[in-house]
2 protein chains.
Amino acid sequence: MALIILAHPNYEKSTSNKTIIEALEKSSLDIKIRNLAALYPDYKIDVKAEQEALLRHENIIFQYPFYWYNMPAILKLWFDVVFEYQFAYGSKGDKLKDKNFIASFTVGAPEKEYNTLGEHHFRVMEFCKNLEQTAYYAKMHFINPVYSFGNSLNAGMAPEEVKQNAGFHAKKLIEVVKRLEAPLVS
Amino acid sequence: MALIILAHPNYEKSTSNKTIIEALEKSSLDIKIRNLAALYPDYKIDVKAEQEALLRHENIIFQYPFYWYNMPAILKLWFDVVFEYQFAYGSKGDKLKDKNFIASFTVGAPEKEYNTLGEHHFRVMEFCKNLEQTAYYAKMHFINPVYSFGNSLNAGMAPEEVKQNAGFHAKKLIEVVKRLEAPLVS
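Small disclaimer: the values here were computed from a predicted structure and weren't measured. (Residues numbered from 1 in each chain as written. Chains lettered and ligands numbered in written order. Predicted model: local features only at pLDDT ≥ 70, side-chain atom pairs only at ≥ 80, totals over all residues.)

**Some details on the overall build of chain A**
Phase 1 of the analysis: Of regular secondary structure, chain A possesses six helices and six strands.
Phase 2 of the analysis: If you list the helices and strands of chain A from N to C, you get β-α-β-α-α-β-α-β-α-β-β-α.
Phase 3 of the analysis: Taking 2.2 N^0.38 as the reference for a compact globule, 186 residues should give roughly 16 Å; the C-alpha atoms of chain A span a radius of gyration of 16 Å, in line with that estimate.
Phase 4 of the analysis: In terms of principal-axis extent, the alpha carbons of chain A reach across some 50 × 35 × 35 Å.
Phase 5 of the analysis: Sequence-distant contacts, at least 24 apart, represent 78% of the contacts inside chain A between residues at least 6 apart. (Helix = DSSP H or I, 4+ residues; strand = E, 2+ residues; numbered from the N terminus. Rg over C-alpha atoms; globule rule 2.2 N^0.38 Å. Contact = placed C-beta atoms within 7 Å.)

**Things to note about the relation of the copies chain B and chain A**
Phase 1 of the analysis: Each copy superposes on the other: chain B lies on chain A with an RMSD of 0.0 Å after a rotation of 180° and an axial shift of 0.0 Å. The operation mapping one copy onto its partner corresponds to a two-fold rotation axis. Using C-alpha coordinates, one finds that chain B approaches the rotation axis most closely at Ala73(B), a distance of 2.4 Å.
Phase 2 of the analysis: An overlap of 100% is found between the interface residues of chain B and their copies at the interface of chain A, pointing to a shared contact surface. (Least-squares fit on C-alpha atoms with pLDDT ≥ 70 in both.)

**Here we look at the pairing of strand S2 (residues 31-35) of chain A**
Every other side chain in a regular strand lies on the same face of the sheet, so the side chains alternate between the two faces.
Phase 1 of the analysis: Note that strand S1 (residues 2-6) of chain A and S2(A) share five bridges and pair parallel. Looking at the pairing, Leu3(A) lines up with Lys32(A) of S2(A). (Pairing = 2+ DSSP bridges.)

**Comments concerning the interface of chain B and chain A**
Phase 1 of the analysis: Between chain B and chain A, the contact holds 23 residues from the first and 23 residues from the second.
Phase 2 of the analysis: At the level of secondary structure, the elements contributing two or more residues to the side of chain B that touches chain A comprise helix H4 (73-82) and helix H5 (129-137) of chain B.
Phase 3 of the analysis: For the side of chain B that touches chain A, the residue count by class is twelve nonpolar, six polar and five charged. (Nonpolar A, V, L, I, M, F, W, Y, C, P; charged D, E, K, R; others polar.)

**Details of helix H6 (residues 159-181) of chain A**
All names here are of chain A.
Phase 1 of the analysis: The terminal C-alpha atoms of H6, which comprises 23 residues, lie 33 Å apart, in line with the 33 Å expected from a rise of 1.5 Å per residue.
Phase 2 of the analysis: Buried within H6 are the following residues: Val162, Asn165, Ala166, His169, Ala170, Leu173, Ile174 and Val177.
Phase 3 of the analysis: Where H6 is buried, its residues meet S1, helix H1 (16-26), strand S3 (59-65), strand S4 (100-106) and strand S6 (146-148). (Expected span 1.5 Å × (residues − 1). Buried ≥ 20, exposed ≤ 12 C-beta atoms within 10 Å, placed from the backbone.)

**Details of the packing of H1(A) against H6(A)**
Residues and elements named next belong to chain A.
Phase 1 of the analysis: Axis separation between H1 and H6 bottoms out at 8 Å; the angle between their running directions is 40°. Comparing the axis directions of H1 and H6 gives the class oblique. Taken as a pair, H1 and H6 cross one another with a handedness that is right-handed. Seen from H1, the contacting residues are Ser16, Thr19, Ile20, Ala23 and Leu24; seen from H6, they are Val162, Lys163, Asn165, Ala166, Gly167, His169, Ala170, Leu173 and Ile174.
Phase 2 of the analysis: Among the residues forming the contact of H1 with H6, the class breakdown is eight nonpolar, five polar and one charged. (Axes fitted to C-alpha atoms, helices over the stretch in contact; angles between N-to-C directions. Parallel < 35°, antiparallel > 145°, perpendicular 65-115°, else oblique. Left-handed = near helix turned anticlockwise from the far one by under 90°.)

**Brief notes about the pairing of strand S3 (residues 59-65) of chain B**
Residue and element names in this part refer to chain B.
Phase 1 of the analysis: Across the seven residues of S3, seven count as buried, placing the element largely inside the fold.
Phase 2 of the analysis: Covered by surrounding structure in S3 are Asn59, Ile61, Gln63 and Pro65 together with Ile60, Phe62 and Tyr64, the residues of both alternating faces.
Phase 3 of the analysis: Sheet topology note: the strand S1 (residues 2-6)/S3 ladder contains five bridges and is parallel. Paired with Ala2 across the two strands is Asn59, which belongs to S3.
Phase 4 of the analysis: Where S3 meets strand S4 (residues 100-106), seven bridges bridge the pair, whose relative direction is parallel. When the bridges of S4 are listed, Ile61 appears paired with Ile102.
Phase 5 of the analysis: One crossover worth recording links S3 to the parallel S4 by way of H4, and it is right-handed. (Right-handed = clockwise from strand over helix to strand, strands pointing away.)

**Regarding the confidence of the model for chain A**
Phase 1 of the analysis: Scored by pLDDT, chain A has a mean of 95; 99% of the residues are at 70 or more.
Phase 2 of the analysis: Among the prediction metrics, the complex's ipTM stands at 0.95, with pTM recorded as 0.96. (pLDDT = per-residue confidence, 0-100.)

The structure is reproduced here in structure tokens:
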């Protein structure tokens, strides 16, 4: 079973994140979704409930749009309050040990802009060190993030194109999770 | 005049951020502080007020503790809502052009842990690409961040040591801002 931490401040109006979530729901994966913005419109996160959900799952997927080369604020708050001392780290903080940390995010601009000479100057993975080290510090397995480009209607993409990109993204994500769930063949 | 965007969820109980802010207040710098957590305990940021404060200043300092290799959630939310389309970016989004972007943050652990073989595996600057590119995208000047290590009482540092580190940090920050404010000698 996979836990989806959905962190989109405006999910109902999203195209790509919604397409991805719908594809996950239609897939054969057994998933449980926690929609943070819907659960906590006042930013008062129920730490116990979030920690208990984490304890019940081995694959933790963070689904969100890339905002300012980073995660949305509601997800940052989630890490700040849920990944507590003696839960996620510290001498007894091994509750997340060996769980899989899978970031899955949608990037508005096209891929060519995420290059040294492009508008955004850095490769996407250069913005992911904080995710990677957060996983390590919580003793989790950092799985290579799944991300896709050209997901913003604002950036001039056609709705059909955005949906198609999101569809490919979902397919990739589902494959990653299935591979993690597959029993090792001896 | 410098604008300080103070983003500490628990400022009253902080040692190092408080020491730094107090040193700034005692310095000869002309500063205006916006304490985000105090202004917006409900995370409902007044976008207009924040944008107007930005317009009145050339040096923008972000003062915060480093949480999970990143900024606290309240500051991330501030960027997400204040750095709007056609304000900070977009065809007419030049309102922040040529202002200085100065991140100033305190890191809990000692410096030796922020190395490939240390507990935190990466150098601090490797976690700063999102700040750097945020500045570029808003047409601001990215000033090398000011940061200091060993700022956490939780990490076993003595209070006097933490205060001393914060004092050095403040001194460095004040020098950076003074240099930016100094008129160019022709």
